[in-house]
Amino acid sequence: LIGWIARVRGTVFVDRSRRGRTPEVNADISARLRAGQAIVLFGEGTSNDGNRVLPFRTALFGAINDTLDQINLDALSVQPLAISYTHVQGIPLGRQFRPLMAWYGDMALTPHLWSFLRWGAFDATIAWGAPVASNRQTDRKARALAMEATIRRLAAGARRERPFAVAG
């Protein structure tokens, strides 16, 4: 069901074990950007226990330069955001409980989902950073590092219940 919903919503699937397909995936992302679609890119390329932001994989950030090379625009806006589970039933989540909320590693989805739902009401904070103009001169690795640093600050602020104090 989740895979079907993702396909219907236009998800670009990335097989991390097939790095040779990166140009094909970037071409798909670039085509969607040229068509005016917004793209959500999970720079880590995987999920984790919710206590940190993993290093970003830079290859897919190359789709921005591919897009700028094909259209008559000087820059595209890239907007960083961080999603953090912060509370369960109104109680702040500490470091020891975040892994119980997160789906990561080789966890089976269905048992994790049932466990997650048994926790009851939860809060997830979405912290938005300021949009950043990305132009042809911006190296994809530099772009990814800048986004990673901003998202680290946003996620840390959300976990400390100050998601907007660090947005700059």
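Sequence positions are assigned chain by chain, starting from 1 and proceeding in written order. With the structure being a predicted model, the display of local features is reserved for residues of pLDDT at least 70 and the display and counting of side-chain atom pairs for 80 or more, all residues being used for whole-chain, interface and lining totals. Hydrogen atoms and water are omitted, and side-chain values are computed over all heavy atoms in the structure.

> Sorry, what's going on with a nonpolar patch on the surface here?
Together, Val40, Phe42, Ile83, Ile126 and Trp128 make up a nonpolar patch on the protein surface, roughly 560 Å² of accessible area in all. For Ile83, the location among the structural elements is in strand β2 (residues 81-88). For Ile83, a relative accessible area of 53% translates into the label exposed. Only residues whose relative accessible area exceeds 30% and that form no salt bridge are eligible for patches; like-charged ones are grouped when within 9 Å, while nonpolar side chains (Val, Leu, Ile, Met, Phe, Trp, Tyr) are grouped when within 5 Å. Shrake-Rupley sampling with a 1.4 Å probe provides the accessible areas, and residues are treated as covered by the protein chains on show and by no other component. The term salt bridge refers to a pairing of a side-chain nitrogen on Lys or Arg with a carboxyl oxygen on Asp or Glu at a separation within 4 Å. Numbering of helices and strands runs from the N terminus, with a helix taken as a DSSP run of H or I at least four residues long and a strand as a DSSP run of E at least two residues long. Burial classification: accessible surface area is computed with a 1.4 Å probe over protein chains only, and a residue below 20% of its type maximum counts as buried, one above 50% as exposed, and the rest as partly exposed.

> Would you mind going over the environment of Leu33 with me for this structure?
Its location among the elements puts Leu33 in helix α2 (residues 22-34). In this structure the C-alpha to C-alpha distance between Leu33 and Ile64, which are 31 residues apart in sequence, comes to 8.3 Å. By definition in these notes, contact holds between two residues if any of their heavy atoms fall within 4.5 Å. With residues up to four places along the chain from it excluded, the contact list for Leu33 reads Ile39, Ala63, Thr67 and Leu76.

> Please clarify how α2 should be interpreted in this entry.
Residues spaced three or four apart along an α-helix face the same direction, because each turn holds 3.6 residues. The length a helix should cover is 1.5 Å for every residue beyond the first. The terminal C-alpha atoms of α2, which comprises 13 residues, lie 18 Å apart, in line with the 18 Å expected from a rise of 1.5 Å per residue. Against the buried residues of α2 lie α3 (62-70). Looking one or two residues beyond α2, the residue adopting positive phi is Gly36, at roughly 90 degrees.

> Before we go on, may I ask you to explain the pattern of salt bridges in this structure?
Close approach of charged atoms lets side chains of opposite charge pair. Tallied over the full model, the rule gives five salt bridges. In this structure, Asp28 engages Arg32 in a salt bridge whose closest nitrogen and oxygen atoms are separated by 2.8 Å. One end of the pair, Asp28, and the other, Arg32, are both in helix α2, four residues apart, so they sit about a helical turn from each other. Taking the shortest distance from any N to any O, the salt bridge between Asp69 and Arg136 comes out at 3.7 Å. Taken together, the residues span a long stretch of sequence, with Asp69 in helix α3 and Arg136 in the loop between β5 (132-135) and α6 (140-159) at a distance of 67 residues. We classify Asp69 as exposed; its relative accessible area is 56%.

Read these as layout, nothing more, since geometry by itself doesn't imply function.
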